[in-house]
Amino acid sequence: MSANGYFGEFGGRYVPEILLPALLQLETAYEQYRQDPCFREELAHYLTTYVGRPTPLYYARRLTEHLGGGKIYLKREDLNHTGSHKLNNSLGQTLLAQKMGKRKIIAETGAGQHGVATATAAALLGCACTIFMGAEDVRRQSLNVFRMKLLGAQVVEVRSGTQTLKDAINEAMRCWAARVRDSHYLIGSVVGPHPYPTMVRDFQSVIGEEVKQQILEKEGKLPDYLIACVGGGSNAMGLFSPFLNEREVKMIGVEAAGQGISTGKHAAPLNVGSKGVLHGALSYILQDGDGQILPAHSLSAGLDYPGAGPEHSYLKDSGRAQYLSVTDEEALSAFQMLSRWEGIIPALESAHALAYVLKLAPSLAAEQVLVVNLSGRGDKDVQTVSKLLGGEAGE
Amino acid sequence: MCKRSVNYWGVKPVSRIGQTFQELKAKGEKALIPYVSCGDPSLEFTEQLVLKLSKAGADLLELGIPYSDPVADGPTIQKASQRALAAGVKLEGILRMAASLRGKIQTPLIFMTYFNVIYRYGLKQFVDRSLYAGIDGVIVPDLPPEEAGAFKRLMDEAELDLIFLAAPTSTGERLQKIASCARGFIYCVSVTGVTGSREKINADLATFIEKVRSHTDLPLAVGFGIANPLMARQVAPLAEGVIVGSSIIERIEANLPLINEQPDVVIEEICAYVTELKKAINFTKESIG
């Protein structure tokens, strides 16, 4: 990564002047504390005693045998406190905010996972917390709204634009502009202006670091494939980043093809988007010929975002990672399959990564190893899936 | 695309924006800079409105190019942008409208838009077409000096003014950086927040403006939140110009059905408001004179 937070040509800090001093302050503070042994120790302490890390790397024997091919390991981020990988980052940033003397936290949320994680971290560390959530997502994830309120957060329903994650970020940035002196904006993915894509990646890279150690213990070698879903891309970056220099490890990010790439109703900017600036960074985004941002479509609220992080954009162009997509339907079927064959109900987001594994694993030799990031648990999606399946949980 | 001519001594001529500020200063006046959102609710309406505003007291005009995700804007301008986009307004149409306006009025015209609109169109093409359309400057609220490099070089080559914003949160070091690359004027953001009408002027405004002035000789224009003639009058003595946006758009928003039937009536109402604003900012001079 070069100065000013660029990954190749991607990234940057395309934000109003009003926010720039706060970003510079955040960058300086992050640079200082990331190397501070006390800060690292404190964060590690919370990750162990509160979040429940390290999370298991689980060999999915029945699924592997059923598919007949490569060995499938699941990185169980769903077993973290609050049910997803999001708390790794929320906790890191809330601690950092506290060190910076900012005791008010602002965040956006799509599926509600990041909102719940942030509300949790704020409750743990005694900070005030305001969460912005698109009205459409509030409808889709009403239980998570209640969870956030229970945790003491104020939830603001966003009715502008497409009323989803993209607009929640817009509104959070506007709110931050008005309260920038005493508030920290806690972005939940590897998107946004520098230093967020780097900082969020670092806080999430605990996932990949654990995997590296765990897979060496279990298999005595590094994995052949790392597979993760990509919305903004934080769980994928967290898994990938410690392996970037291990050239033999292939990395696959799975985007949401929604109703199908050809229908235009998808959330796959790395597959079919173009370069542009959204939420303060240059990356692959969904836009029309005039640079207007196009709405994304996915069954999964957490992937329903028309951009992907700048580092993913860079990894795509450099060829270090490959980005593919699966449809709503394929994800839904993977969602049921993991429930049936392993007794694990995955988040719809994570089901996208699994859906690709269902295609890939049978084509691999038995000694090949795949690690899938099971980024979250599916309890939040049970209602949505129940409606889609007409109350019938498969055959 | 040809550059504007350089005079006999090789000195760059002052831009139309700079010249306007100089002329106003000579008359002891302040500049009134209304903002309109292009295509809200149609480009025909915007063109007529801008023509009339230039005769009703507008000294410079900001033409907003709508963007789907305007993070520096409050609800009023967000809705105006959405109305324009829903009506199918395109950048090509806006450029044609600007060229048509330039054929009829001499008022400096300044585009205001977000960087993705420019990036997607192509930086060079955007600058070339803006120059061709007779645009004098461009304001890009999400393009701080650090990210402006390539676009600024093209704007400088075309001798168009890239106008930067200074915010109450800007440090001295940042103000120095902004001043060093600014042209035309510096847009001073009067509030810590987004655009949209406020109830009163921020008490620290004078201190902030003085701080900006200590870094530059360029004219300063104050915008964000100025919602009525009284507020405009309070701000005017501090700066060289006053920018008013949301409170003009509120008058469009409140009259949408009427615009369909009798656009002239609404344009007249807005012009009357702008005339009132212009009188308000020059009140001090009139009261002395």
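The rules behind these values
Residues numbered from 1 in each chain as written. Chains lettered and ligands numbered in written order. Predicted model: local features only at pLDDT ≥ 70, side-chain atom pairs only at ≥ 80, totals over all residues. Heavy atoms only, no water. Phe/Tyr/Trp six-rings, centres within 6.5 Å; stacked < 30°, edge-to-face > 60°. Helix = DSSP H or I, 4+ residues; strand = E, 2+ residues; numbered from the N terminus. Buried < 20%, exposed > 50% of the residue type's maximum accessible area, 1.4 Å probe, protein only. Lys NZ or Arg CZ within 6 Å of the ring centre and 35° of its normal. Contact = heavy atoms within 4.5 Å. Polar contact = N/O pair within 3.5 Å; in protein donor to acceptor, adjacent residues only side chain to side chain. Buried area = accessible area lost by both parts, 1.4 Å probe. Salt bridge = Lys/Arg side-chain N within 4 Å of Asp/Glu carboxyl O. Nonpolar A, V, L, I, M, F, W, Y, C, P; charged D, E, K, R; others polar. Axes fitted to C-alpha atoms, helices over the stretch in contact; angles between N-to-C directions. Parallel < 35°, antiparallel > 145°, perpendicular 65-115°, else oblique.

With respect to the packing of aromatic side chains
For step 1, the next point in the chain: Counted under the stated rule, the structure contains 16 aromatic pairs over all chains.
For step 2, the next point in the chain: Ring geometry for B:Phe126 and B:Phe151: centres 6.3 Å apart, planes at 55 degrees, overall tilted. Of the two residues, B:Phe126 is situated in helix H6 (residues 123-132) and B:Phe151 in helix H7 (residues 149-157); the sequence distance between them amounts to 25 residues. Judged on exposure class, the residue B:Phe126 and its partner B:Phe151 are both buried.
For step 3, the next point in the chain: What links up through ring pairs into an aromatic cluster is the set A:Tyr14, B:Phe111, B:Phe115, B:Tyr119, B:Tyr121, B:Phe126 and B:Phe151.
For step 4, the next point in the chain: Across the ring face of A:Phe243, the terminal group of A:Lys212 is positioned such that the distance to the ring centre comes to 5.5 Å.
For step 5, the next point in the chain: We note A:Lys316 situated over the ring of A:Tyr284; from NZ or CZ to the ring centre the distance is 5.3 Å.

A short note on the environment of A:Ser183
All names here are of chain A.
For step 1, the next point in the chain: With respect to the helices, strands and loops of the structure, Ser 183 is situated in strand S8 (residues 183-185).
For step 2, the next point in the chain: Aside from chain neighbours lying at most four places away, what touches Ser 183 is Lys 102, Lys 104, Ile 106 and Trp 176.
For step 3, the next point in the chain: Here Asp 182 takes part through its side chain, which lies 3.1 Å from a polar atom of the side chain of Ser 183.

As for the interface of chain A and chain B
For step 1, the next point in the chain: Taken together, the contact between chain A and chain B spans 38 residues of the former and 39 residues of the latter.
For step 2, the next point in the chain: For the pair chain A and chain B, the two sides together bury roughly 3000 Å², of which 51% comes from carbon and sulfur.
For step 3, the next point in the chain: On the chain A side of the contact with chain B, A:Glu17, A:Arg174 and A:Asp290 bury the most area, a combined 23% of that side's loss.
For step 4, the next point in the chain: At the boundary of chain A and chain B, one finds two salt bridges.
For step 5, the next point in the chain: The partner of B:Asp69 in a salt bridge is A:Lys166, and the shortest N-O contact between them spans 2.7 Å.
For step 6, the next point in the chain: Summed over the shared surface of chain A and chain B, the number is 21 residue pairs in polar contact (both at pLDDT 80 or more).
For step 7, the next point in the chain: For the side of chain A that touches chain B, the secondary structure elements donating two or more residues are helix H1 (20-34), helix H8 (165-179), strand S11 (274-278) and strand S12 (281-285) of chain A.
For step 8, the next point in the chain: If one sorts the elements of the side of chain A that touches chain B by residue count, H8(A) sits on top with eight residues.
For step 9, the next point in the chain: For the side of chain A that touches chain B, a count of residues per class yields 17 nonpolar, ten polar and eleven charged.

What to know about the packing of helix H14 (residues 328-342) of chain A against helix H15 (residues 348-360) of chain A
All names here are of chain A.
For step 1, the next point in the chain: Where H14 meets H15, the axes come as close as 7 Å, and the angle between the chain directions of the two elements is 90 degrees. Viewed along their axes, H14 and H15 adopt a mutual orientation that is roughly perpendicular. Between H14 and H15, the contacting residues are Glu 330, Ala 331, Leu 332, Ala 334, Phe 335, Met 337 and Leu 338 on the first element and Leu 348, Ala 351, His 352, Leu 354, Ala 355, Leu 358 and Lys 359 on the second.
For step 2, the next point in the chain: In terms of residue class, the contact of H14 with H15 is made up of eleven nonpolar, one polar and two charged.

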